[in-house]
Structures are given as C-alpha cells and as structure tokens.
Amino acid sequence: PADVVPQAPEDPLFGLMRAFRADESPDKMDLGIGAYRDDNGKPWVLPVVKKADEILRNNPDLNHEYAPIAGIQAFTSKSAELMFGADSPALKEGRATSIQTISGTGAVHLGALFLAKFYKGNRTVYVSNPTWANHHQIFNNVGLPTAQYPYFDKKTKGLDFEGMTQALREAPDRSVVLLHPCAHNPTGVDPTLDQWKELAAIIRQKNHFPFFDSAYQGFASGNLVRDAAAVRYFVEQGFELLLAQSFAKNFGLYGERAGCFHAITSPGPGAAETIARIASQLAILQRSEISNPPLYGARIASTVLNDPKLFAEWEENLATMSGRIISMRKALRSKLEELGTPGTWNHITDQIGMFSFTGLTEEQVLRLRNEAHVYMTKNGRISMAGLNTKNIDYFAKAVHKVVTT
Ligand code: PMP
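Since we're looking at a predicted model, the values are computed, not measured.

Observations regarding the overall build of the protein
Check the secondary structure of the protein and you find 15 helices and 13 strands. The C-alpha atoms of the protein give 21 Å as radius of gyration, which agrees with the globular expectation for 405 residues (22 Å, within 12%). Dimensions of the protein, computed from the C-alpha atoms along their principal axes, are close to 65 × 55 × 55 Å. The proportion of buried residues among the 405 residues of the protein is 45%. Sequence-distant contacts, at least 24 apart, represent 75% of the contacts inside the protein between residues at least 6 apart.

And the structure:
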C-alpha cells in the first residue's frame, strides 16, 4: 500500500550539491561539501596517494580475493598506531582491538551497533549541539536515542565550555558521550588541551562512556600528533573508549571508504581477555553487515603508513592542505575587516579544520545563494576548502552585501 513507506526528505547536503550543479552562473561557488579543493577549485589527488597507487599497480602478487573480516591487518595496526601513538600503553598491553570499516561513517555505525547490542549504561548518546548531522540518524537507526550537550556559543562563536560541562555533569551517570577529537564538524571549534583534561575528569567522575569520532587527524593542524592529543590523553588516563577513524579527508580517499573502528579497555587484570571477546563480537557484527571491508583505499593508506619515506611525504601533503586552508582563513578575515563588515571576524581564524561556522543567519545564507550563487549549508557553515585566491574577494564582498543591506 502507498502509505506504508512515506517519502523521506532529501539529505540536505546532497540536495545543496544538486542545486549547485544546476546553477549555470559562472560565478557560482560551492562552500557546502567538506571535501578539499586546490587553489583552482579542483579535487586534489594527494601526490603520495598517486605514488602508493603506482606501487600497488606494479605489485604482481595482489589479487581481488576477499580481505579478512577484520580487514587488512597491516592497515588496521598502523591506523591504531597513528591514532594512539606507537608507544601507547593500550597497544603495548594488548588492550586495543581494531577493525577495518566503510570509512568513518561505517566506523561510527559499527560502534553504534556494538553499543546497541552490549552497552548496559544509559543508552542515550550525548552529541554536541550542533554536530555532524549524520550522528543523530546513525545512532537512532540502531535504536539509541540522542541528546545534545551545548557546544557552540553564538555570541563568541567559540566553545560554550560552561554549557558543555554543565550538561555532562547533569546527564545520567554512564551516558555515552560522542566527542570530536579535532576540527569539530560543523563549527571548527575545539576545546583546548586543558579543557579536554577537565572534560576527562567529568567523564570519569560520571562514569560516562567516551566515543570519539576522528575524521580530520592531520587535516586540522597539519600535525598528526597534535590532532591526536585529546584522544591520547584519554587513553593515558586509562579510559575504556571507542573510536571511529576516517581516512577520507586526510588521505583524500573520500569515495574509497577507508576507515577503522577501535575499542580500548581499561588497564587491569583480564583486560586482554575482555578485548578479545569484544573483537570476536565485532567480527560477528561485521560479517552480518558487510562480510569483508573494501581493499583499495585501505591498501593505499597501508602502503603509506607502513613506509617511513612515504609517510614523511604524506605529512608534507597534509601540511599543503591545512596550510592552504589556514591561509584562506587569514585572507577571509582580513578582507571582511578591510571592508568594515559589521561584526567580529576573529572566529574565522580561531576556528580550525575544514569548516568555519560563520555566524551568518539562515536568511543571509539564502540571500547569498539567490543573489550571489554562493552555496553553503543553512546553518552558516562554509567549507574553507571551497575558497581560493580567485574567488575569495567575490565571496567577501557578497558576505559584506548581505550583512549590510
Ligand atoms: N564524522 C565526522 C564528524 C565527519 O565530519 C565525517 C565526514 N563528513 C565523518 C564522520 C565520516 O566521513 P566518511 O564516512 O566519509 O569517512
């Protein structure tokens, strides 16, 4: 019958992309999707990825057999080291398990499914307000409700640390808390390391369960270690935690779906046995969902992660991407300040990573779309990577116009 399956709304971000493609103006600008673009506005295949691809193509031993259920071991083990540090106590003590996933989305989903099946604390997942819109539906789809903790302070366009900590204190004990380790999507606002330490203290005191979603390691600051600092602090403190890891942005492997899910248990007797049981359950979940993860993206990342020379080149590529974004932040802020656009614009350079939460209202966003062919999400988020030396003047002037008239 016609009424059994109602029409679902279109995904707002992909709807925006569709509208952008249909726009025939030569001035049109895509600041919607979170994908890196070079200074010509073009997608960028990382030079190190090209090299890894070449190496793979010349390897006569590779075939198209299934990967193991948990994925390519050389990839997952190096991914864990990348995130937690090669000398991480959790890795050394055998308290971590890693499984290859369908990029970051698949990792968040696998974690959600695992929690839905086994988590005995408060099953509400606390996510930041706002957060990556997909978080809500990923958890809700497996039967875990989401609640929000305050995150973005509209006045300062920075972190509402007081609101955040108060909400985490008031949440029922043993709630799941979803955290973005760096380059928060959509705001670009991160806690400082001292604030992370305070958050860890509250999470410990309340026996909350931290679940990190890491989609921008190395892409935020250009430094892989710095971008992992919050996670490594939690691990040092002996937390039991989950972590979803995406290689979409930092390797530019968006469509190849390379990612990992990691679980870590607290130190103590029986920790290694616990992690083995967790790994066995993750394998069952994986088998029923996808059987075997995809090979190509993981092979590319693994080739780089396992070769010190290529790894060093990757770090240079990361510096290229994050450096260009940081320079666009500086340029946009100074252009708006030069134009005398009302308001403060320091948040553009204070924020980090792929996105900036501009503070533009929905009405201004729609005017930018209709009058200037500039496409961004309705919450005023812009993908910094969509700006370049050729279109930034146009964008600043368009913003100035909708703010002042
Ligand atoms: N989490 C966050 C916060 C993200 O911003 C993204 C990318 N938009 C992801 C997870 C997952 O992306 P992917 O599945 O492409 O790795």
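Some details on the domain arrangement of the protein
Many authors give the size of an interface as the accessible area that is lost as the parts come together. Assigned domains of the protein: these are domain 1 (12-45 + 322-404) and domain 2 (73-306). Contacts between the two partners involve 19 residues from domain 1, matched on the other side by 20 residues from domain 2. Sorting the residues of the side of domain 1 that touches domain 2 by element identifies helix 12 (308-339), helix 13 (346-350) and strand 11 (355-357) as the ones contributing at least two each. Of the residues forming the side of domain 1 that touches domain 2, the biggest block, three residues, is contributed by strand 11. Split by residue class, the side of domain 1 that touches domain 2 holds eight nonpolar, nine polar and two charged.

Concerning the nonpolar core
Val177, Val231 and Ala301 are the most contacted members of the largest nonpolar core, which totals 110 residues. Two domains each put at least three residues into this core: domain 1 (12-45 + 322-404) and domain 2 (73-306). Those residues in contact with Val177 that lie beyond four places of it in its chain are Tyr126, Leu168, Ile203, His208, Phe209, Pro210 and Phe211.

Description of the sheet that holds strand 9 (residues 241-246)
Reading across the sheet, the seven strands line up as 2-10-9-8-7-3-4 and stay open at both edges, with mixed pairing between neighbours. With one partner strand each, in any of the chains shown, strand 2 (96-102) and strand 4 (146-150) form the two edges of the open sheet. On average, each strand axis in the sheet is inclined to that of its neighbour by 25°, with strand direction left out of account. Against the sheet, helix 5 (residues 103-118) engages strand 2, strand 7 (175-179), strand 8 (209-214), strand 9 and strand 10 (258-264), with an angle of about 160° to strand 9.

Description of the site of the ligand
In the vicinity of the ligand there are 13 residues, among which Ser103, Gly104, Thr105, Asn185 and Ser246 approach most closely. Examining the composition of the shell around the ligand, we find that three residues originate from one element, helix 5, more than from any other. Of the residues assigned to the shell around the ligand, the class counts are four nonpolar, eight polar and one charged.

Points about the pairing of strand 8
With six of six residues buried, strand 8 lies mostly within the body of the structure. Here strand 8 shows no split at all, with Phe209, Phe211 and Asp213 on one side and Pro210, Phe212 and Ser214 on the other all buried. Sheet topology places strand 7 next to strand 8; four bridges connect them, and they run parallel. Bridge pairing in strand 8 links Val176 to Phe209. Assessed by its sense of winding, the connection that carries the chain from strand 7 through helix 8 (residues 193-205) to strand 8 is right-handed. Sheet topology places strand 8 next to strand 9; four bridges connect them, and they run parallel. Note that in strand 9 the partner of Ser214 across the bridge is Gln245. Following the backbone out of strand 8, through helix 9 (residues 229-236) and into the adjacent parallel strand 9, one traces a crossover that is right-handed.

Focus: the environment of His208
By the element assignment, His208 lies in the loop between helix 8 and strand 8. For His208, a count of 23 C-beta atoms within 10 Å gives the class buried. Put simply, His208 and Glu240 are 32 residues apart on the chain and 9.8 Å apart in space, counted from C-alpha to C-alpha. Beyond its immediate stretch of four places on either side in the chain, His208 contacts Leu168, Ala171, Arg174, Ser175, Val177 and Ile203.

Observations regarding the environment of Ala385
The residue Ala385 is located in the loop between strand 13 (381-383) and helix 15 (392-404) in this model. Residues Ala385 and Asp30, 355 residues apart in the sequence, show an inter-C-alpha distance of 9.4 Å. Other than its neighbours up to four places away in sequence, Ala385 contacts Ala35, Tyr36, Arg37, Ile325 and Met354.

Calculation rules
- Residues numbered from 1 in each chain as written.
- Predicted model: local features only at pLDDT ≥ 70, side-chain atom pairs only at ≥ 80, totals over all residues.
- Helix = DSSP H or I, 4+ residues; strand = E, 2+ residues; numbered from the N terminus.
- Rg over C-alpha atoms; globule rule 2.2 N^0.38 Å.
- Buried ≥ 20, exposed ≤ 12 C-beta atoms within 10 Å, placed from the backbone.
- Contact = placed C-beta atoms within 7 Å.
- Domains from an automatic or database assignment.
- Nonpolar A, V, L, I, M, F, W, Y, C, P; charged D, E, K, R; others polar.
- Core = buried A, V, L, I, M, F, W, Y, C linked by C-beta atoms within 7 Å.
- Pairing = 2+ DSSP bridges.
- Axes fitted to C-alpha atoms, helices over the stretch in contact; angles between N-to-C directions.
- Near = placed C-beta within 6 Å.
- Right-handed = clockwise from strand over helix to strand, strands pointing away.

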